[in-house]
Amino acid sequence: MPFFTPSLVFSSAILLRAILLLYGLFQDAHSSLPYTDIDYFVFTDAARYVSRGHSPYRRETYRYTPLLAWLLLPTTWPGAAWFSFGKVMFAVADIVAGWLMVLVLQSRPGGGTESKRALKFASIWLLNPMVATISTRGSSEGLLGVMVVALVWAVMKRRLVLAGVLLGLAVHFKIYPFIYGVSMLWYLETPPPQTPKQGMRLTEQLVAFVNRSRVVLALSALSTFMVLNIIMYAMYSTPFLTHTYLHHLTRIDHRHNFSPYNTLLHLSSASSSTTSGWHFESLAFIPQLAISAFLIPIALAKKDLPSTMMAQTFAFVAFNKVVTSQYFLWYIVLLPFYLPNSSLLSRPRLGTTAAVLWVAAQAIYLHRAYALEFLGQSTFVPDLWLSSLLFFGVNVWILGIVIDDIGRMESRNQSQGSSQSGEGEKISS
């Protein structure tokens, strides 16, 4: 019996997560090194404050939307089993994201992927031990993953109101998905007329750009984002804005950080300077957003939207001033959309080299980080700094391959041909 059938793939994915959840309970009870992620204790502590009528931001280091604390309220109910409610929810989100991946792969414009092959690519997420471990340890990245894949599905199906709601919710939940807005707006172009006008004036070009699809998506996304923020601000005032959004502009986290900015962040954290939290590395978002939020989507979104979103996310993480293992899930969840037409698969030697270098560069960094944190050796310079530069260089090289691959793809917009008119796209929720 072939393995890649829906029942076997999804039952295996569920079993993998069930085993890890049970193992996590055992390790937490019998080991000095806990399986549960420290962030999960932050989430559940915040939920406990909410259950008592207080602000979740009374829990130090809670830097998330109150929605997350609300979702985890069952972890405060009596009974030890309820403490794992959030982990189960995150694991279920992984499975739902995988199911949506299969739907997107099977129905992509220009010819979908047949069922068995779609399951193989979705298994990169569903059967990935790293993905399953991160969710079952209590990281909330699985929730964001299912939002992003649902967003891809909604846009590809032209469910633009739903897509806007999902985009607004995802950006409220964690800021970075706003970069997808540029790609989606650029992708939703009105097909050119049979006899295009020559020498269109700027005003005519602007009018042509502002089509119904783009307006519906933008308004629904902005409305969702603003309504959620107004509600949260009314309930929690300035701490909501400070901890959920403004903190990320001045954060100086340096532990477990693969970014080349790691050493600068460490120096800043030890500095006695009182410049309102602003340091040189606070400007890291300028090249990061220029590449991920503007250059990549404008160059590639009309070629293949899901693959472009993957390239955007890869660039956003690679150039971020804080890079942890959890952030890798942000682009791994989009990887199955890029790989079917990638040179990393069509040229196995290239793909193997990229994978080996990506893993090896992490291993080198982690080896020196272990020496720092557990052995007490001073490895910041040159060890950690050079290893972070190596990892950054590998990521930039892989990003170049991804961008080149997408640039060679035929336009997915054009493949839809005359089956859609400029103002006749399906706009529904």
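Just so it is clear, the structure is predicted and the values come from calculations on it, not from any experiment.

### Considerations on the packing of aromatic side chains
Consideration 1: The tally for this structure, following the rule as stated, stands at 27 aromatic pairs.
Consideration 2: Arranged with centres 5.9 Å apart and planes meeting at 35°, the rings of Phe41 and Phe83 form a pair that is tilted. One end of the pair, Phe41, is in helix H2 (residues 38-51); the other, Phe83, is in the loop between helix H3 (66-71) and helix H4 (85-106), and 42 residues separate them in sequence.
Consideration 3: Residue Phe83 is classed as partly exposed on the basis of its relative accessible area of 24%.
Consideration 4: Residues Trp82 and Phe85 carry aromatic rings whose centres are separated by 6.3 Å and whose planes lie at 45° to one another, so their mutual orientation is tilted.
Consideration 5: Look at Trp82 and you get partly exposed, because its relative accessible area is 36%.
Consideration 6: Taken together, the ring pairs in this structure connect Phe258, Phe314, Phe328, Tyr331, Trp358, Tyr365 and Phe391 into an aromatic cluster.
Consideration 7: The lysine or arginine in question, Arg214, covers the ring of Phe209, its NZ or CZ lying 3.9 Å from the ring centre.

### Some thoughts on the confidence of the model for the chain
Consideration 1: Within the chain, residue pLDDT values average 87, and 86% of them lie at 70 or more.
Consideration 2: Segment residues 272-277 is flagged for pLDDT under 50; beyond a separation of four residues in sequence, or across chains, it makes three contacts in the model.
Consideration 3: Below pLDDT 50 for its whole length, residues 412-429 participates in 43 contacts with residues either more than four positions away or in separate chains.

### Describing the UniProt feature "transmembrane region" (unreviewed entry) in the chain
Consideration 1: Mapped onto this numbering, the UniProt entry annotates "transmembrane region" (unreviewed entry) at residues 7-26, 80-105, 126-154, 160-188, 215-236, 282-301, 313-339 and 384-403.
Consideration 2: Structurally, residues 160-188 is divided into 79% helix and 0% strand, and its ends, taken at the C-alpha atoms, are 10 Å apart.

### Some words on the packing of helix H9 (residues 179-187) against helix H14 (residues 305-318)
Consideration 1: Interhelical geometry of H9 versus H14 gives an angle of 155° and a closest axis separation of 10 Å. For the element pair H9 / H14, the angle class is roughly antiparallel. When the axes of H9 and H14 are compared, the crossing they make is right-handed. For the pair formed by H9 and H14, the contact residues are Ile179, Tyr180, Ser183, Met184 and Tyr187 on the first element and Leu305, Thr308, Met309, Gln312, Thr313 and Phe316 on the second.
Consideration 2: Its residues placed into classes, the contact of H9 with H14 shows seven nonpolar, four polar and no charged.

The rules behind the values
Residues numbered from 1 in each chain as written. Predicted model: local features only at pLDDT ≥ 70, side-chain atom pairs only at ≥ 80, totals over all residues. Heavy atoms only, no water. Phe/Tyr/Trp six-rings, centres within 6.5 Å; stacked < 30°, edge-to-face > 60°. Helix = DSSP H or I, 4+ residues; strand = E, 2+ residues; numbered from the N terminus. Buried < 20%, exposed > 50% of the residue type's maximum accessible area, 1.4 Å probe, protein only. Lys NZ or Arg CZ within 6 Å of the ring centre and 35° of its normal. pLDDT = per-residue confidence, 0-100. Contact = heavy atoms within 4.5 Å. UniProt positions renumbered as here; feature names shortened; annotations may be inferred. Axes fitted to C-alpha atoms, helices over the stretch in contact; angles between N-to-C directions. Parallel < 35°, antiparallel > 145°, perpendicular 65-115°, else oblique. Left-handed = near helix turned anticlockwise from the far one by under 90°. Nonpolar A, V, L, I, M, F, W, Y, C, P; charged D, E, K, R; others polar.

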